[in-house]
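# Chain and residue survey
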Amino acid sequence: MSPASTGASTIVGAAPLVPAVDSTDSDSRMTPGGPGYRRMSLALFLAGVATFALLYSTQALLPLISGEFGVAASEASWTVAAATGGLALFVLPMSALSERFGRRTVMTASLAVAVTVGMLVPFAPSIGALVALRAVQGAALAGLPASATAYLAEEVRPKALVTAIGLFVAGNSVGGMSGRVITGWVAQEWGWRVSVGVIGAVAVACAVAFRLLLPAPRHFRAGSLRPRVLLGTVRDHLANPLLRRLYAIGALFMTVFGGVYTVIGYRLTAEPFGLPQGIVGSIFLVYLVGTVSASTAGRLVGRLGRRGALYLSGGTTAAGLLLSVAPSLPLVLLGLVLITAGFFAGHAVASSAVSKTAAHGRAQASALYQSMYYVGSSVGSTVGATAFHAEGWGGTVAVGLLAVAGVVTITVLGTRAARVAARRELVANAH
């Protein structure tokens, strides 16, 4: 078992791994069915709901935002890209704060600021002001993803870690789904401003419940805020070939997802479909598929191994992209189901592998993954919208297929590297 999989915390950047608890106390970490596990799971599930509901609250509303402010899809898409870009930029600094002040403290503060900004978003007087508010909101939300996975790595037993992270990712999918469905129907009756206000109110309720439910950490040990120590930890993670591959995989999966779901509203409201805004919002119910695929990622890895699970996730996503090109609504919906299932499974597998691989500074390891992941979202949103403007839906699909090809290529390289390492070990043992 690797040091990362012991669940022990560490002082950031220290040379040896410093265990948070001794071996006799390690059994106090949470496990399914044990004390605190359900409260913890529900709390982080709700945090995931709030995070994704806020982060993508404008995505299903882009055609309406384009109409009110008189801007093209590529400009309106910045209301999504600014939020994900702000998260990508600030996730590493926020993870450093969580190493010093605690995971629960940082997550609580992040949600508090994000929901406050969320109540201001409906009053944005211009597209520029809306993009700026969304950037601030994304930066505030940066404290959630890396802190949550670090919390789980410290407080949950290793065998239950993939399942626990899968539940958090499932909360992301429910938040993304419910946010888009709610905004679609509310906007159809009262406009996009009221709909994002409703999402803000839902996020407030989730934030309060999260703080009341999440158990206090028992295995956290404060680390250092010294920049040199932080940079050393980041350098160590970036020097790890496996972590680099996982970071790239997360970014590429999110490039597909960000592009598809930023543009899909434009495609479905235009001919030959011509769907009303409420129905377009309901399309995001396919996120429920992501809830299932993310929460079962642990079993998928158990059967196929990590790389096998990534191959399956990439293949499923590619099949969905190809199906979505058809001028048939049922086939488009089936394509979205496959894209969503493949994406959430791949994300859960890659993010949990990061937590297990990091030998120290888990929050920074997870933060780097989240940073690349949301860079992928920003790139997918802007490039996917630009490709749609230039070439239609086929252009967006082409961007997605290139990203999936990247996932498969990186996974193949990882498979070859693992085989070479195994042969070298075999030769070394033989001598």
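Just above sits the structure.
These lines cover the structure that appears in this document, whether it is placed above or below. (Residues numbered from 1 in each chain as written. Predicted model: local features only at pLDDT ≥ 70, side-chain atom pairs only at ≥ 80, totals over all residues. Heavy atoms only, no water.)

Let's shift gears to the packing of helix α2 (residues 62-69) against helix α11 (residues 241-269). Direction vectors running N to C along α2 and α11 enclose 80 degrees, while the axes themselves pass 8 Å from each other. As summarised for this structure, α2 and α11 are arranged roughly perpendicular, according to the angle between their axes. Contacts from L62, P63 and S66 of α2 reach α11 at T262, G265, Y266 and T269. For the contact of α2 with α11, the per-class residue count stands at three nonpolar, four polar and no charged. (Axes fitted to C-alpha atoms, helices over the stretch in contact; angles between N-to-C directions. Helix = DSSP H or I, 4+ residues; strand = E, 2+ residues; numbered from the N terminus. Parallel < 35°, antiparallel > 145°, perpendicular 65-115°, else oblique. Contact = heavy atoms within 4.5 Å. Nonpolar A, V, L, I, M, F, W, Y, C, P; charged D, E, K, R; others polar.)

Take the nonpolar core next. In globular proteins that are soluble, nonpolar side chains generally tend to be buried together. Core analysis: the largest hydrophobic core is formed by 118 residues, its most contacted members being L44, L152, Y261 and Y374. Per element, the largest residue contribution to this core is 15 residues, and it comes from α11. Here L152 is in contact with M40, L44, L161, A164, I165 and F168, once residues within four sequence places are set aside. (Core = buried A, V, L, I, M, F, W, Y, C linked by side-chain atoms within 4.5 Å. Buried < 20%, exposed > 50% of the residue type's maximum accessible area, 1.4 Å probe, protein only.)

Assignment of secondary structure puts S178 in helix α8 (residues 161-190). With a relative accessible area of 19%, S178 lands in the buried category. Put simply, S178 and G281 are 103 residues apart on the chain and 9.1 Å apart in space, counted from C-alpha to C-alpha. If we skip the residues at most four places from it in the chain, S178 touches V49 and I199.

Another point: unusual backbone geometry. Cis geometry marks the peptide bond from E271 to P272; its omega dihedral reads 10 degrees. Following the sequence through the fold, P272 ends up in the loop between α11 and α12 (277-282).

Let us now look at a positive patch on the surface. There is a patch of like positive charges on the surface, built from R416, R419, R423 and R424. Residue position: R416 is located in helix α17 (residues 393-430). (Patch = residues over 30% accessible without salt bridge, like charges linked within 9 Å, V, L, I, M, F, W, Y side chains within 5 Å. Areas by Shrake-Rupley, 256 points an atom, 1.4 Å probe, with all protein chains shown as cover. Salt bridge = Lys/Arg side-chain N within 4 Å of Asp/Glu carboxyl O. Lys, Arg positive; Asp, Glu negative; His and termini not counted. Charge placed at Lys NZ, Arg CZ, Asp CG, Glu CD.)

Here the focus is the packing of α11 against helix α14 (residues 297-323). Running from N to C, α11 and α14 point in directions that differ by 20 degrees, and their axes come no closer than 12 Å. When the axis of α11 is compared with that of α14, the two are roughly parallel. Our pair here, α11 against α14, has a crossing hand that is left-handed. Side by side, α11 and α14 meet where L242, L246, I249, F253, V256 and V260 of the first sit next to R306, L310, S313, G314, T317 and L321 of the second. Residue classes in the contact of α11 with α14 are distributed as eight nonpolar, three polar and one charged. (Left-handed = near helix turned anticlockwise from the far one by under 90°.)

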